[in-house]
There are 2 protein chains.
Amino acid sequence: MGAVTEADRAPKQDRSRVTRQRLLEAAVACLAEHGWAGSTVSVVAERAGVSRGAAQHHFRTREELFTAAVEYVAEERSAALRGLFPTAPRGGRGTTPRGGRRAAGADRTAVVAALVDLYTGPLFRAALQLWVAASNEEQLSPRVAELEARVGRETHRIAVELLGADERGPGVRETVQGLLDMARGLGLANLLTDDGARRERVVAQWGRLVDEALG
Amino acid sequence: MGAVTEADRAPKQDRSRVTRQRLLEAAVACLAEHGWAGSTVSVVAERAGVSRGAAQHHFRTREELFTAAVEYVAEERSAALRGLFPTAPRGGRGTTPRGGRRAAGADRTAVVAALVDLYTGPLFRAALQLWVAASNEEQLSPRVAELEARVGRETHRIAVELLGADERGPGVRETVQGLLDMARGLGLANLLTDDGARRERVVAQWGRLVDEALG
């Protein structure tokens, strides 16, 4: 083998990144469909069309693969959510101009709906499988608790920002937190049956309540 | 063996009822601690101090035992919740006397806290294990979906009653539903870490918001 040039290295890094991404996406889909018990590195490698050895090169353990997968997809979804509302006011500064309140209110219902959407897809199903498995497995528990806290903080930050909430006001922080708890509960209600019609009505009403509470 | 008299029969029925109850309570505890994978009829029978044969006399299958257990404990908890607020107004009739609103409001915060408590103990952990297992097991799924719907309707009925909510008003039904979704989400947030301090603040704030929304 001759010397590795810059030109050789770049595509190799790209390939490695693509392989990693395929493994992470396959891991989330696998977890959502088959649960923790049915999710192994081998199953994911096969689903991703990657050799078991290559998968283990990227992720040493099963725990590492699946927590990385949930985190990766959560980051992707957060970025997509921010992308949906590129002009949303930055929260926590109280800089919303007077008279702009009504427009912000109209947006808020859409923001609430988009936040709830975070909890009804395969990512939530996968995360739920991981949480529940972690509650019975000591090896998994601290890692998943830490992941959940990190993802939760980031989701809260996005919610505050997109809702234009000023967290210095009394109760504002808890209003937003309760909204995200409700979104999580709606995700759970959607696990076994299609809860879409009921969810839409609840989201419309809670969108109004949150909008009023945030003023 | 002589003829079975009434006096013989009654204690036998009592013993059978006690055995059944012990099995159901052991099943919920087992599910909460070890998850679906670690929950079998044998494990529960041993935990309850009952022979495997006696357990199978009461419950033919593993699915039957665990869904019956979650339903039994849910009913016990519903009865206990109603018992906590024996003087709560009956909802849906709009008969709350004028001037009684403030007192009802004070009660509502306590009702919201008690409703949320339904979702933070071993029953919720057990139900969650069952839901998540059902989402990956066709044999379990319809049975658990049906159970969830039944328990959910009953919890909603109790919530409406204890909150003195008049569901004929616009958005009232969805306000209560969203509150129960929030309670479920708070239960999930408590799965891996003790979320009690944060939960208390969220419950205080949303107790106020729900009270205002219900008027």
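So, how was this worked out
- Residues numbered from 1 in each chain as written.
- Chains lettered and ligands numbered in written order.
- Predicted model: local features only at pLDDT ≥ 70, side-chain atom pairs only at ≥ 80, totals over all residues.
- Heavy atoms only, no water.
- Helix = DSSP H or I, 4+ residues; strand = E, 2+ residues; numbered from the N terminus.
- Buried < 20%, exposed > 50% of the residue type's maximum accessible area, 1.4 Å probe, protein only.
- Axes fitted to C-alpha atoms, helices over the stretch in contact; angles between N-to-C directions.
- Parallel < 35°, antiparallel > 145°, perpendicular 65-115°, else oblique.
- Contact = heavy atoms within 4.5 Å.
- Nonpolar A, V, L, I, M, F, W, Y, C, P; charged D, E, K, R; others polar.
- Core = buried A, V, L, I, M, F, W, Y, C linked by side-chain atoms within 4.5 Å.
- UniProt positions renumbered as here; feature names shortened; annotations may be inferred.

The name given to chain A in an unreviewed UniProt entry is TetR family transcriptional regulator, with Streptomyces typhae as the source organism.

Draft legend 1. Main features of the overall build of chain A. Within chain A, the regular secondary structure consists of nine helices and zero strands. For chain A, the α and β elements follow one another from N to C terminus as α-α-α-α-α-α-α-α-α. Buried residues in chain A amount to 50% of all 215 residues.

Draft legend 2. The packing of helix H6 (residues 122-136) of chain B against helix H8 (residues 172-189) of chain B, seen in detail. All names here are of chain B. Across the interface, H6 lies against H8 with an axial gap of 11 Å and an inter-helix angle of 90 degrees. When the axes of H6 and H8 are compared, the pair comes out roughly perpendicular. Contacts between H6 and H8 involve Phe124, Leu128 and Trp131 from the former and Arg184, Gly187 and Leu188 from the latter. Its residues placed into classes, the contact of H6 with H8 shows four nonpolar, one polar and one charged.

Draft legend 3. Focus on the nonpolar core. Ranked by size, the top nonpolar core spans 138 residues in total, and within it A:Leu128, B:Leu128 and B:Leu163 carry the most contacts. In contact with B:Leu163, other than residues within four places in its own chain, are B:Arg108, B:Val111, B:Val112, B:Leu115, B:Val176, B:Leu179 and B:Leu214.

Draft legend 4. Structural context of the packing of helix H8 (residues 172-189) of chain A against helix H9 (residues 196-214) of chain A. Residue and element names in this part refer to chain A. The interhelical angle for the contact between H8 and H9, taken along N-to-C directions, is 175 degrees, at an axis separation of 11 Å. Between H8 and H9, the interaxial angle falls into the category roughly antiparallel. Across from Val172, Thr175, Leu179, Met182, Leu186 and Ala189 in H8, the residues of H9 making contact are Arg198, Arg199, Val202, Val203, Trp206, Val210, Ala213 and Leu214. Split by residue class, the contact of H8 with H9 holds 11 nonpolar, one polar and two charged.

Draft legend 5. A look at the UniProt feature "DNA-binding region" (unreviewed entry) in chain A. Residues annotated by UniProt as "DNA-binding region" (unreviewed entry) correspond here to residues 40-59 of chain A. In residues 40-59 of chain A, helix accounts for 75% and strand for 0%; the two terminal C-alpha atoms are 12 Å from one another.

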